[in-house]
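Each chain, letter by letter, is given below.
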Amino acid sequence: QVQLVESGGGLVQAGGSLRLSCLASGLIFSRYTMGWFRQAPGKEREFVAGINLSGGSTLYADSVKGRFTISRDNAKNTVYLQMNSLKPEDTAVYYCAARPLNIVVRGDLYDYWGQGTQVTVSS
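Residues numbered from 1 in each chain as written. Predicted model: local features only at pLDDT ≥ 70, side-chain atom pairs only at ≥ 80, totals over all residues. Heavy atoms only, no water.

Re the overall build of the protein
And then number 1: Check the secondary structure of the protein and you find zero helices and eleven strands.
And then number 2: Moving toward the C terminus, one meets the helices and strands of the protein in the order β-β-β-β-β-β-β-β-β-β-β.
And then number 3: For the protein, the C-alpha radius of gyration of 13 Å lies close to 14 Å, the compact-globule estimate for 123 residues.
And then number 4: Accessible area of the protein: about 6,200 Å², with a carbon and sulfur share of 48%. (Helix = DSSP H or I, 4+ residues; strand = E, 2+ residues; numbered from the N terminus. Rg over C-alpha atoms; globule rule 2.2 N^0.38 Å. Areas by Shrake-Rupley, 256 points an atom, 1.4 Å probe, with all protein chains shown as cover.)

Structure (structure tokens):
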């Protein structure tokens, strides 16, 4: 079965950096667009970043543009989220998700989800 396993979360001070990873199995990774989403306590899940099949096209939420970078390594079945200049408002559980075809921001259009990794940014 399809599994997406996130790692790399943790506690970091404001201004710091973290790199999240998401290892996929059970699917042909290169045929799936990958997305990162996050959900903070009491808030709805929101789109963070997406990357297309080849990695040649990316999309970011305005709130993370210029600070976060999404990338993928199809040989390793892994998608990454490099997060720099972190702010307390970035605190959330971060999820990776997979879908065929193009990048979309609606989470309900993704077929597969990981279990999430906690990112906490202290002020």
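Concerning the pairing of strand E11 (residues 117–122)
And then number 1: Burial of E11 is one-sided: the residues Thr117, Val119 and Val121 facing one way are buried, the residues Gln118, Thr120 and Ser122 facing the other way are not.
And then number 2: Across three bridges, the pairing between strand E9 (residues 92–99) and E11 is antiparallel. What sits directly across from Ala92, in E11, is Val119. (Buried < 20%, exposed > 50% of the residue type's maximum accessible area, 1.4 Å probe, protein only. Pairing = 2+ DSSP bridges.)

Notes on the sheet that holds strand E3 (residues 18–25)
And then number 1: Read from one edge to the other, the open sheet built from four strands follows the order E1-E3-E8-E7, with strand pairing classed as antiparallel. Only two strands of the sheet have a single partner each, and these edge strands are strand E1 (3–7) and strand E7 (68–73). Neighbour-to-neighbour, the strand axes of the sheet open up by a mean angle of 15 degrees, direction not taken into account. (Axes fitted to C-alpha atoms, helices over the stretch in contact; angles between N-to-C directions.)

With respect to the state of the cysteines
And then number 1: Within the structure shown, the criterion is met by one disulfide.
And then number 2: Covalent S-S linkage joins Cys22 and Cys96, the inter-sulfur distance amounting to 1.9 Å. A torsion of 45 degrees about the S-S bond marks the disulfide between Cys22 and Cys96 as right-handed. With a gap of 74 residues between them, Cys22 in strand E3 and Cys96 in strand E9 connect regions that are remote in the sequence. (Disulfide = S-S within 2.5 Å.)

Observations regarding the pattern of salt bridges
And then number 1: Summed over the entire model, instances satisfying the criterion amount to five salt bridges.
And then number 2: Between Glu46 and Arg38 there is a salt bridge, and its shortest N-O distance comes to 2.6 Å.
And then number 3: Asp90 serves as the salt-bridge partner of Arg67, at 2.7 Å between the closest nitrogen and oxygen. Here Asp90 lies in the loop between strand E8 (78–83) and E9 and Arg67 lies in the loop between strand E6 (58–60) and E7, a separation of 23 residues in the sequence. By the burial criterion, Arg67 is buried, and Asp90 matches it.
And then number 4: Each of the salt bridges in this network shares a partner with another, and the network as a whole consists of Arg38, Glu46, Arg67 and Asp90. (Salt bridge = Lys/Arg side-chain N within 4 Å of Asp/Glu carboxyl O.)

The values are spatial; any link to function lies outside them.
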